[in-house]
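Descriptive analysis of the structure
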Amino acid sequence: MSWLARILCIGSLALSSLWSNAQLPVGNTVTSNLRQKTFIITSDTLLIDTISIVPNSFSIASVPAADYRLDFVKAILYWKNRPLSDTIIVMYRVFPFRLDPVAQRMNFDSVMNNFYIKPFEFNSGLTNAQRGIFDFGTLKAEGSFGRQIGFGNRQDAVLNSTLNLQLSGMLG
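Residues numbered from 1 in each chain as written. Predicted model: local features only at pLDDT ≥ 70, side-chain atom pairs only at ≥ 80, totals over all residues. Heavy atoms only, no water.

1. Some remarks on unusual backbone geometry
The criterion, for reference: Secondary structure elements follow DSSP: runs of H or I of four or more residues count as helices, runs of E of two or more count as strands, with numbering from the N terminus.
Of note, the phi angle at Asn56 is positive, near 65 degrees, even though the residue is not glycine. Mapped onto the elements of the fold, Asn56 is located in the loop between β2 (45–47) and β3 (59–60). With a phi angle near 60 degrees, Gln155 is a residue other than glycine that sits in the positive phi range. Inspection of the secondary structure assignment puts Gln155 in the loop between β7 (140–151) and β8 (157–168).

Next up, the structure:
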């Protein structure tokens, strides 16, 4: 055999061994969505998992299905009748994600105090003498007013005013 044939033979053997292991999982990667866990019962509710459970795939060993209620989306088990034993073994399948995730970019509480300009509050801390014409006594007055200026392309201008006033309460 020539040197070129030997190199090609050894190279093809090396590549075929790499190719045969390419589809195997690396390390302890789990490829199944079937889970089996053991829980200790301490309360009337039990958090089973952090992701959603596939419906009709949940079962508890030696506990009838009439003794519990399962929220599949939140993966929370609610006991109707607690079993006599303090440990249970559950088997179920999961989705690869939670079906009701909270999707928000920012929390309102963290943004609320970071405004440069505070919004104007109409009746904050005003006495009856300071309210002037907007003193309605026991009636609660809420609303807004606004002004708008518009300029046209023929040198005309438009001024719009809006008043939204809502009164609520008991009339005497």
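2. A closer look at a nonpolar patch on the surface
Heads up, the rule is: Patch membership requires more than 30% relative accessible area and the absence of a salt bridge. Residues of like charge join within 9 Å; the nonpolar side chains Val, Leu, Ile, Met, Phe, Trp and Tyr join within 5 Å. The Shrake-Rupley method, run with a 1.4 Å probe, gives the accessible areas here. Residue values count only the displayed protein chains as cover. The term salt bridge refers to a side-chain nitrogen of Lys or Arg lying within 4 Å of a carboxyl oxygen of Asp or Glu.
On the surface, a cluster of nonpolar side chains totalling about 440 Å² of accessible area is made up of Phe145, Leu163, Leu165 and Leu167. A per-element tally of the nonpolar patch places β8 first, with 3 residues. You can see Leu163 is positioned in strand β8.

3. Examining the sheet that holds β3
How we decide: Note: two strands are recorded as paired if DSSP finds a minimum of 2 bridges between them.
Spatial ordering of the open sheet is given by β1-β6-β3, a layout of 3 strands whose pairing is antiparallel. Only two strands of the sheet have a single partner each, and these edge strands are β1 (34–40) and β3.

As far as function goes, none of this settles anything; it's purely spatial.
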